[in-house]
Amino acid sequence: VGEYFLYWVHRLAHEWDWLWRFHAVHHSAPRLYFLNAVRFHPVDLAISNFAPFVPLIALGASPQVMALFAVVSAVHGAFQHANVPIRIGPLNWFFAMAELHRWHHSPVLAEANTNYGQNLIVWDVVFGTRFLPEDRLPPDDIGLTDLPGFPMDYWGQLLSPVRWRRIQQESARPPQAS
């Protein structure tokens, strides 16, 4: 149940410009590694952490169940973002593991706007956003290639949602010759 709400919050963070301004921090990393699992803007983090717990509380889940969900999500997130070639074969139809999540961090927008599941890929299967091509390997490069002006320092990323138009304008300018 919590995964359903996580799926939609994550998908909307990619599809709604206002939410993307916050979620872009997570996708700005130039390489995938386990610390990316916690690289989020505080607003994005609050929304993403709030989403799965509301239905769990409404359904009467115990604090132990919610704690277990949080721990499993944190550990799974570290494995998703670890730059380790973990292959789980047919289990990729159930779990949103590293093979699928690497495509989610592709610099190609059509590939990145897929595989929204945090722990499970089930809702991506249901809503047609699961992406795992068999004819090629996932991209080595990740990041926001369409936003080269995106700040890479902490304060710049923290302020990036309010500087969004400027970041887009700076990214649209041709690079200066040196």
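Everything numeric in this text was worked out from a predicted model, so none of it was measured.

A. Representation of the pattern of salt bridges in the model. All chains considered together, the criterion is met by six salt bridges. Across the pair D135 and R136 runs a salt bridge whose closest N-O atoms are separated by 3.9 Å. By relative accessible area, which is 66% here, D135 ends up exposed. Several salt bridges share partner residues, and in doing so they unite D17, R21 and R165 into one network.

B. The arrangement of helix α1 (residues 2-15) in detail. Taking 1.5 Å of rise per residue, 14 residues should cover 20 Å, and α1 covers 20 Å from first to last C-alpha, within 8% of that figure. Within α1 the residues assigned to the buried category are G2, E3, L6, Y7, V9, H10, R11, A13 and H14. Each element contacted by the buried residues of α1 is listed here: α2 (17-27), α3 (42-58), α4 (63-81), α5 (98-104), α6 (109-112) and α7 (122-127).

C. Examining the nonpolar core more closely. Counting residues in hydrophobic clusters, the biggest one holds eight residues: W20, A24, V25, L144, L147, F150, W164 and I167. Of all the secondary-structure elements, those providing two or more residues to this core are α2 and α9 (164-172). Looking at this core element by element, the count peaks at three residues for α2. For A24, the contacting residues outside a window of four places in its chain are L144, F150 and W164.

Cut-off values and rules
- Residues numbered from 1 in each chain as written.
- Predicted model: local features only at pLDDT ≥ 70, side-chain atom pairs only at ≥ 80, totals over all residues.
- Heavy atoms only, no water.
- Salt bridge = Lys/Arg side-chain N within 4 Å of Asp/Glu carboxyl O.
- Buried < 20%, exposed > 50% of the residue type's maximum accessible area, 1.4 Å probe, protein only.
- Helix = DSSP H or I, 4+ residues; strand = E, 2+ residues; numbered from the N terminus.
- Expected span 1.5 Å × (residues − 1).
- Contact = heavy atoms within 4.5 Å.
- Core = buried A, V, L, I, M, F, W, Y, C linked by side-chain atoms within 4.5 Å.

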